[in-house]
Amino acid sequence: MNFKIKLGNLFKTKSECIVVGIYKKSEKSKDVELTPPANRINEASSGQIHQILARGDIDGSIGSTLLLYDIRGLSAKRILLVGMGIQNETTVQDFRKAAVAAVKVLVDRNLASADMAILDDIGDQDRVIFAQQIAEATHQVTYRYWETKSGEKPAMQLAQIGVFINRKYKDAVQKGIDQGLAIANALTYTKTLANLPGNICTPSYLADRARELAKSHGLKVSVLDEKDMEKHKMGSLLSVSRGSVEPAKLIVMEYKGAEKNKRPVALIGKGLTFDAGGISIKPASAMDEMKYDMCGGASVFGALIAASEMKLPLNIVGIVPSSENLPDGAANKPGDIVTSMLGKTIEILNTDAEGRLILCDAITYAKRYKPEVVVDIATLTGACIIALGHHASGLFSNSDELANELLVAGEAVDDRAWRMPVWESYTKQLKSNFADLANIGGRGAGAVTAACFLQEFAKDFSWAHLDVAGTAWSSGSPKGATGRPVPMLVEFLIRRSRS
Ligand code: BES
Ligand code: MN
Ligand code: ZN
């Protein structure tokens, strides 16, 4: 998609469609008010917009739309009114919803181009982030997964969107669009990687994609194979992949945007390419969705793509431990005890709690990069979905400062997390009679005990863990990867690069 900033006269532009906002007057009323651009069009058409609105077909609620033709005195072929909610109350979430609704109409009408004049209507909120939402909304509407369908991917007509703004916002809006495009590219990459089936997207496949990114995005990539893992005594990670014929990979991708000696941000993503549960096998229903158990890893790929395309002045190391979790003669058995790279022994009481087993060795491996902070991202527990549903990712951290950075970043771009505790009293639930730690902590607080398990391996770090089990993909008919938490991670990185 091509975005072009436009500063000229709105009602003189020869456009396929001009998108302008209208407000809802109040919570209860059905009356609407015009935003400044809608008002200009109303004046140019001698009040035609007001006449149409009087018929009551649109109430200005967020994302409501009305497409108009033959507006007098305009060079544009169409006007699309889009509801922005109540004036001065438009949040990032509302704005994106409105932008998504608008782009949907443009795509449904098969328009090749359009112009938007909706960025004037947000009071004095951050134009960078709102402009970014236009690019992200466009991605959200136009993304199609087609990798494993036959025939040609349906062509998309919409190719250019003009963005009308007041001159004083030009730099901020350009920056937002550029960032939004980098995030859209990252989201496309992350979603497609996640949507690919387990028989294609294996640990080796992920490793190959990382090697590709070395060339296309200038990342420094290295891949540890199982022999290397043996050398590093990654007994926990190796135990998970032993039950599968696909060899495990530990993928390391480095982005260097700051001076050499600047300590990196480490992003560690669970890359479990298919989780059948192992010997503690999962029930059959919806098991296909366990191809998404690599979404944390996919979000690390995405974050590195966005960071490198934005040339963020930061150093980042992305680490993706990748394996399958299948039942097999060599698979982990309940009661088995393995020794992690850190030296801690782990009693595997449930082979389906495998994410923490591959992550703990990756966290230990991260030490060699002397990271300033470590953030791991994982579809770690069904219990997190019980706790938070599909709205917020679970956030766990041993650092209030790091936790707040992530919370604030997620809030800013409407990709939110909610913090949960990692108290010592929960860690006690992981006591084992036979090893240093058990890999499960009983029925209560499953998302918390999983995080506490990881925390045991992150004591040397300022560390945070994002459980994205409920947010990384949608089930049912809209089944598909969401790309979360790429927007949060990228905003977190952007803010870090500023300070
Ligand atoms: N990948 C799953 C977690 C998961 C389940 C994410 C469903 C999204 C939807 C993870 O490996 C797992 O199986 N966790 C177990 C842990 C339990 C055995 C303590 C779970 O959540 O049931
Ligand atoms: Mn599992
Ligand atoms: Zn899993």
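These numbers come from a predicted model, not from an experiment. (Residues numbered from 1 in each chain as written. Chains lettered and ligands numbered in written order. Predicted model: local features only at pLDDT ≥ 70, side-chain atom pairs only at ≥ 80, totals over all residues. Heavy atoms only, no water.)

K.L.:
Please give an account of the coordination of the manganese ion (ligand 2) that cites residues and values.
P.N.:
Taken together, Asp-275 (OD), Asp-352 (O), Asp-352 (OD) and Glu-354 (OE) make up the full set of protein donors to the manganese ion (ligand 2), lying 2.0 to 2.2 Å away. Here the manganese ion (ligand 2) is ringed by six donor atoms whose angles at the metal span 71 to 170 degrees, and the overall shape comes out irregular. Here the manganese ion (ligand 2) and the zinc ion (ligand 3) are spaced 3.1 Å apart, and both take Asp-275 as a donor. One end of the pair, Asp-275, is in strand 11 (residues 271–275); the other, Asp-352, is in the loop between strand 14 (345–348) and helix 10 (355–365), with 77 residues separating them in the sequence. (Donors = N, O, S within 2.8 Å, 3.2 Å for Na, K, Ca; no water. Tetrahedral: all angles 85-135°; square planar, octahedral: opposite > 155°, others 65-115°. Helix = DSSP H or I, 4+ residues; strand = E, 2+ residues; numbered from the N terminus.)

K.L.:
Give me the lowdown on the side chain of Gln-455, citing residues and values where you can.
P.N.:
Counting through the fold element by element, Gln-455 comes out in helix 14 (residues 446–455). With residues up to four places along the chain from it excluded, the contact list for Gln-455 reads Asn-398, Val-422, Thr-427 and Trp-463. (Contact = heavy atoms within 4.5 Å.)

K.L.:
Talk me through unusual backbone geometry; I want residue IDs and the actual numbers.
P.N.:
Arg-484 connects to Pro-485 through a cis peptide bond whose omega is 5 degrees. Inspection of the secondary structure puts Pro-485 in the loop between strand 21 (480–481) and helix 15 (486–498). For Lys-233, which is not glycine, the phi torsion reads 60 degrees and is therefore positive. Its place among the elements puts Lys-233 in the loop between helix 7 (226–231) and helix 8 (235–241). Given a relative accessible area of 61%, Lys-233 falls into the exposed group. Positive phi, normally seen in glycine, also occurs at Lys-311, with a value near 50 degrees. Position of Lys-311 among the secondary structure elements: in the loop between helix 9 (295–310) and strand 12 (315–325). (Buried < 20%, exposed > 50% of the residue type's maximum accessible area, 1.4 Å probe, protein only.)

K.L.:
Any chance you could break down the site of ligand 1 for me, citing the residues and the numbers?
P.N.:
Taken together, 17 residues lie near ligand 1, and Lys-282, Asp-293, Asp-352, Glu-354 and Gly-382 sit nearest. At 2.8 Å from an oxygen atom of ligand 1 is found a side-chain nitrogen or oxygen belonging to Lys-282. Protein contact buries 78% of the 510 Å² of open area that ligand 1 shows by itself. The pocket occupied by ligand 1, as judged from atoms lying within 2 Å of grid points, is the second largest pocket. Across the shell around ligand 1, the residue classes tally to six nonpolar, four polar and seven charged. (Near = heavy atom within 4 Å. Polar contact = N/O pair within 3.5 Å; in protein donor to acceptor, adjacent residues only side chain to side chain. Areas by Shrake-Rupley, 256 points an atom, 1.4 Å probe, with all protein chains shown as cover. 1 Å grid on protein atoms, 1.4 Å probe; cavity = no way out; pocket = protein on both sides within 12 Å on 5 of 7 lines; lining within 4 Å. Sits in = over half its atoms within 2 Å of the grid points. Nonpolar A, V, L, I, M, F, W, Y, C, P; charged D, E, K, R; others polar.)

K.L.:
How would you explain helix 6 (residues 203–217) if you had to name every residue and give the values?
P.N.:
With 15 residues, helix 6 ought to run about 21 Å at 1.5 Å a step, and its terminal C-alpha atoms sit 20 Å apart, in line with that. Looking at helix 6, one finds that the buried residues are Pro-203, Leu-206, Ala-207, Arg-209, Ala-210 and Leu-213. Seen along its axis, helix 6 keeps its buried residues to an arc of 160 degrees; they face one direction. In helix 6, those exposed residues whose orientation departs by more than 90 degrees from the buried face are Lys-215 and Ser-216. In this structure, the buried residues of helix 6 make contact with helix 5 (170–195), strand 8 (220–224), strand 9 (249–256), strand 11, helix 9 and strand 12. The positive-phi residue at the C-terminal boundary of helix 6 is Gly-218, with phi of around 65 degrees. (Expected span 1.5 Å × (residues − 1). Arc of directions from axis to C-beta.)

K.L.:
Could you give me a rundown of the sheet that holds strand 18 (residues 437–438), with the residues and numbers involved?
P.N.:
As summarised here, the arrangement of the three strands in space is 13-14-18, forming an open sheet in which the pairing is mixed. Strands at the two margins of the open sheet, each flanked by one partner only, are strand 13 (336–339) and strand 18. Both strand 14 and strand 18 contribute to a ladder of two bridges, which runs parallel. Its bridge partner lying in strand 18, Ile-346 is registered against Leu-437. (Pairing = 2+ DSSP bridges.)

K.L.:
An account of the nonpolar core is needed here, citing residue identities and associated values.
P.N.:
Residues Met-253, Leu-267, Phe-301, Val-375, Leu-466, Phe-492 and Leu-493 are the most contacted members of the largest nonpolar core, which totals 63 residues. Looking at this core element by element, the count peaks at ten residues for helix 9. Once you skip the residues sitting within four places of it in the chain, Leu-493 turns out to touch Val-265, Leu-267, Ala-303, Ala-307, Leu-312, Leu-314 and Ile-316. Listed in part, the 48 residues of the second largest apolar core include Leu-224, Tyr-365, Val-448 and Ala-450. (Core = buried A, V, L, I, M, F, W, Y, C linked by side-chain atoms within 4.5 Å.)

K.L.:
Can you lay out the coordination of the zinc ion (ligand 3) for me, pointing to particular residues and giving the numbers?
P.N.:
Protein coordination at the zinc ion (ligand 3): the donors are Lys-270 (NZ), Asp-275 (OD), Asp-293 (OD) and Glu-354 (OE), at 1.9 to 2.4 Å from the metal. Classification of the site at the zinc ion (ligand 3) rests on its six donor atoms, whose angles at the metal span 79 to 178 degrees, yielding the label octahedral. Within one chain, the residues donating to the zinc ion (ligand 3) are spaced in sequence as K-x4-D-x17-D-x60-E. Owing to a relative accessible area of 1%, Asp-293 belongs among the buried residues under this scheme.

K.L.:
Give me the packing of helix 12 (residues 400–412) against helix 15: which residues, what numbers.
P.N.:
Taken N-terminus to C-terminus, the directions of helix 12 and helix 15 make an angle of 115 degrees; their axes are 8 Å apart at the nearest point. Handedness of the helix 12/helix 15 crossing: right-handed. The residues of helix 15 that touch helix 12, namely those facing Leu-402, Glu-405, Leu-406, Val-408, Ala-409, Gly-410 and Ala-412, are Met-488, Glu-491, Phe-492, Arg-495 and Arg-496. In terms of residue class, the contact of helix 12 with helix 15 is made up of seven nonpolar, one polar and four charged. (Axes fitted to C-alpha atoms, helices over the stretch in contact; angles between N-to-C directions. Left-handed = near helix turned anticlockwise from the far one by under 90°.)

K.L.:
An account of the pattern of salt bridges is requested, with residue identities and associated values reported.
P.N.:
Enumeration over the complete set of coordinates arrives at 28 salt bridges. With its nearest N and O atoms 3.2 Å apart, the salt bridge here joins Glu-16 to Arg-78. Taken together, the residues Glu-16 in the loop between strand 1 (2–6) and strand 2 (18–24) and Arg-78 in strand 5 (residues 78–86) connect sequence positions 62 residues apart. Judged by relative accessible area, Arg-78 falls into the buried class, the value being 16%. Salt-bridge contacts for Glu-372 lead to Arg-496; the nearest nitrogen and oxygen are separated by 2.8 Å. Separated by 124 residues along the polypeptide, Glu-372 in the loop between helix 10 and strand 15 (373–378) and Arg-496 in helix 15 bring together distant segments of the chain. What makes Glu-372 partly exposed here is its relative accessible area of 30%. Each member of the salt-bridge network shares a partner with another, and the members are Lys-262, Glu-372, Glu-405 and Arg-496. (Salt bridge = Lys/Arg side-chain N within 4 Å of Asp/Glu carboxyl O.)

K.L.:
Report on the layout of surface pockets, specifying residues and quantitative values.
P.N.:
Of the volumes computed, that of the largest pocket is approximately 1000 Å³. Along its surface, the largest pocket is lined by 30 residues, and Arg-96, Gln-140, Ser-474, Thr-482 and Arg-484 are the ones closest to its centre. A per-element tally of the lining of the largest pocket places helix 3 (residues 92–108) first, with five residues. By residue class, the composition of the lining of the largest pocket is eight nonpolar, twelve polar and ten charged. Of the pockets and cavities examined, the second largest pocket occupies roughly 740 Å³. Residue lining of the second largest pocket: 32 residues in total, with Lys-282, Asp-352, Thr-381, Gly-382 and Ala-383 positioned closest to the centre. Elements supplying a minimum of two residues to the lining of the second largest pocket: helix 11 (382–388) and helix 14. (Points joined across faces, edges and corners; volume = space filled by probe spheres on them.)

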